[in-house]
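Analysis of the macromolecular model
Listed below, chain by chain, are the residues.
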Amino acid sequence: MSAPTAAADQSLCAPLPVLGADVTVPLVTGGDVTYAALDYAASAPALKRVWDDVAAYAPYYGSVHRGAGYLSQLSTDLFENSRATVAEFLGCRADDQVVFTRSTTDSLNLLAAVLPADCQVFVFETEHHASLLPWRDARVTCLDAPRTPEQAVATLERALAGREPHGPALVCVTGASNVTGELWPVRELAAAAHAHGARIVLDAAQLAPHHPVDIAELDVDWVAFSGHKLYAPFGSGVLAGRADWLREAEPYLAGGGASRQVTRRADGGVDVQWHTTAARHEAGSPNVIGVYSIASACRALTEAGFADLVAREQALVARVRAGLAEVPEVKVLSLFGDDAPRVGVISFVVEGWNSSHFAAVLSAEYGIGVRDGLFCAHPLVRTLLGSEPQEPGECGAPEAAPGERSLNAVRVSFGAGTPDEHIERFLGAVRELVTSGARWNYRTEDGRCVPDRGAAQV
């Protein structure tokens, strides 16, 4: 899978309108500035279109699958139509199921809960914790980080060919790294998995907001993603794909909505008939607002034209990488090398800076929001940094005072709502910080670097 690159003279689309575009934040150096949200990989700002759609529906909110009244019927139709919208967005096959969850993490834990007995799971150490950790009840083979896409495919083929016994198997792989932004060879990995009788689930949390995802075209068995990375708030996610393992397993959660019929037995117990549809794993009152927001985001991205969105984002990626390359002290992290196709996620370290300190200064002195740490992908970041595990701080990030050797990284991420001005401000701030340093004193507080307002300015 590769992302097209925009020609230099190509007319690129404008950023999609997002909430918070005009929010101002105070600077520790005085005054305020429009906030530059460059942490899309954690949570992208909501599209204004999504927010408007949700606001228009909100007065008509009602219970889903549980009421005879008009608003309940309307909400049920909206919920199920949203399922159809997501299925179309993902290119689902006719017999695939779309199950609504809370997040990518929840989706992959759901899949882990329905694995057949004695299923063996193959996962690269490069995965986000959401796709690395859910498989605790399975036999897990953790594969070393590959250094080329071809090596990834070859590593997987060797591992699958040597598995014993030759029973059910699942491969879990990311579509785009949440650390480097690099695209993985999903179609080739899917072909390798199927050639050896295994299935494959795609963690599309970082791929779906930046690049078209087509289940049938990629030939994957399942796709998982989160709404909050797809410009849709309210805590919803999706697991879409083959129905058989989902239909044959016990419900992920037991309760109303998952059950079709419950009867009392003479011995005092109960017998349950569970739904065989997606409802089997959607017990409880569903998050209809979150589900509708995902569907709205899917429609907005499709109508905007993914080709145009990808082209513009690739121009931003090229600008950021070129700007960082002009600063010798900056080292960009990569598995597959400079020529690897990637989305708008770039992690780096700065010589002479602790990454937490660098990120804190970007926020406090420039109004730029980025991420620092190990990005809930600890094995991958430590492999890229060549460092050993440390005592954890915030989200597993090593605690370190300003000026100490960087044990983590800075991540800048952007997407369809990012203005060019935010990219230029970020690059200017990086150059200025490396050249002149911070203008304020900072201290470590609860493992984080914060402005020391009790100390004099530098």
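Residues numbered from 1 in each chain as written. Predicted model: local features only at pLDDT ≥ 70, side-chain atom pairs only at ≥ 80, totals over all residues. Heavy atoms only, no water.

With that settled, the discussion passes to the overall build of the protein. Looking only at helices and strands, the protein features 13 helices and 19 strands. Scaling as 2.2 N^0.38, a compact globule of 458 residues should have a C-alpha radius of gyration of about 23 Å, and the protein matches this with 23 Å. Principal-axis analysis of the C-alpha atoms gives the protein an extent of 80 × 55 × 50 Å. In the protein, which comprises 458 residues, the share counted as buried stands at 56%. Counting contacts in the protein only where the partners sit at least 6 residues apart, residues at least 24 apart contribute 71% of the total. Averaging the positions of the 36 positive and the 55 negative side-chain charges in the protein gives two centres separated by 3 Å. (Helix = DSSP H or I, 4+ residues; strand = E, 2+ residues; numbered from the N terminus. Rg over C-alpha atoms; globule rule 2.2 N^0.38 Å. Buried < 20%, exposed > 50% of the residue type's maximum accessible area, 1.4 Å probe, protein only. Contact = heavy atoms within 4.5 Å. Lys, Arg positive; Asp, Glu negative; His and termini not counted. Charge placed at Lys NZ, Arg CZ, Asp CG, Glu CD.)

We now examine the confidence of the model for the protein. Looking at the protein as a whole, its pLDDT mean stands at 91, while 92% of the residues score no less than 70. For residues 1-11, every residue scores under 50 in pLDDT, and the model assigns this stretch 24 contacts once sequence neighbours within four places are set aside. Contacts of residues 390-401 to residues separated by more than four positions or lying in other chains number 30 contacts, the stretch itself having pLDDT below 50. (pLDDT = per-residue confidence, 0-100.)

Right, let's talk about the nonpolar core for a bit. Ranked by internal contacts, the top residues of the largest apolar core, which has 83 residues, are Leu-90 and Phe-225. The dominant element in this core, judged by the number of residues it contributes, is helix 9 (residues 288-304), at 9 residues. Among the nonpolar cores identified, the runner-up in size contains 35 residues, and Ile-346, Leu-362, Ile-423 and Leu-427 belong to it. (Core = buried A, V, L, I, M, F, W, Y, C linked by side-chain atoms within 4.5 Å.)

Right, let's talk about the side chain of Asp-203 for a bit. Note that Asp-203 resides in strand 8 (residues 199-203). Buried and unpaired, Asp-203 has Lys-229 as its nearest opposite-charge partner, separated by 8.4 Å. A distance of 3.3 Å separates the side chain of Asp-203 from the side chain of Ser-131, its partner in a polar contact. Discounting residues that sit within four places of it in the chain, Asp-203 has contacts with Thr-104, Leu-108, Glu-127, His-128, Ser-131, Val-173, Thr-174, Gly-175 and Ala-224. (Salt bridge = Lys/Arg side-chain N within 4 Å of Asp/Glu carboxyl O. Polar contact = N/O pair within 3.5 Å; in protein donor to acceptor, adjacent residues only side chain to side chain.)

Turning our attention to the state of the cysteines. Counting across every chain of the model gives 0 disulfides. Cysteine Cys-92 remains unbridged, with the sulfur of Cys-298 as its closest cysteine sulfur at 10 Å. (Disulfide = S-S within 2.5 Å.)

So, on to the packing of aromatic side chains. The tally for this structure, following the rule as stated, stands at 11 aromatic pairs. Both rings, one in Trp-222 and one in Trp-245, keep their centres 5.2 Å apart while their planes meet at 35°; by these two values the pair is tilted. Separated by 23 residues along the polypeptide, Trp-222 in strand 9 (residues 222-226) and Trp-245 in helix 8 (residues 244-248) bring together distant segments of the chain. Trp-245 matches Trp-222 in its accessibility class, with the two residues each being buried. Ring pairing ties together the aromatic residues Phe-348, Trp-353, Phe-358 and Phe-426, which thus form one cluster. Above the ring of Tyr-366, the side-chain terminus of Arg-439 is found at 5.1 Å from the ring centroid. (Phe/Tyr/Trp six-rings, centres within 6.5 Å; stacked < 30°, edge-to-face > 60°. Lys NZ or Arg CZ within 6 Å of the ring centre and 35° of its normal.)

What follows concerns helix 2 (residues 70-89). Counted at 1.5 Å a residue, the expected span for helix 2 with its 20 residues is 28 Å, and the 28 Å between its end C-alpha atoms agrees. Looking at the buried side of helix 2, the elements it contacts are helix 1 (48-57), strand 4 (97-101), strand 9, strand 10 (237-241), helix 9 and helix 10 (306-325). Looking one or two places after helix 2, you find Gly-91, whose phi comes out positive at around 65°. (Expected span 1.5 Å × (residues − 1).)

Quick look at the sheet that holds strand 16 (residues 371-373) now. Taking strand neighbours across the sheet as the criterion, the 4 strands line up as 13-14-17-16 in an open arrangement whose pairing is antiparallel. Edge strands, defined here as strands with exactly one partner in the open sheet, are strand 13 (330-332) and strand 16. Taking each pair of neighbouring strands and ignoring which way they run, the sheet shows an average axis angle of 30°. Lying over the sheet, helix 11 (residues 355-366) contacts strand 14 (345-350), strand 16 and strand 17 (409-413), oriented at roughly 115° with respect to strand 14. (Pairing = 2+ DSSP bridges. Axes fitted to C-alpha atoms, helices over the stretch in contact; angles between N-to-C directions.)

As a further point, take the sheet that holds strand 10. The 7 strands are arranged 4-10-9-8-7-5-6 in an open sheet whose pairing can be described as mixed. Only two strands of the sheet have a single partner each, and these edge strands are strand 4 and strand 6 (139-143). Pairwise comparison of adjacent strand axes, ignoring direction, gives a mean angle of 20° for this sheet. In this structure, strand 5 (residues 120-124) lies alongside strand 7 (residues 169-174), joined through 4 bridges in parallel fashion. Considered in strand 7, the bridge of Val-123 is made with Cys-172. Of the strands in this sheet, strand 5, strand 6 and strand 7 touch helix 5 (residues 149-161), which is tilted by about 160° from strand 5.

This next bit is on empty space enclosed by the protein. For the structure shown, the criterion picks out 1 cavity of 30 Å³ or more. Roughly 40 Å³ of volume is contained in the largest cavity. Grouping the amino acids of the lining of the largest cavity by side-chain chemistry returns 3 nonpolar, 1 polar and 2 charged. (1 Å grid on protein atoms, 1.4 Å probe; cavity = no way out; pocket = protein on both sides within 12 Å on 5 of 7 lines; lining within 4 Å. Points joined across faces, edges and corners; volume = space filled by probe spheres on them. Nonpolar A, V, L, I, M, F, W, Y, C, P; charged D, E, K, R; others polar.)

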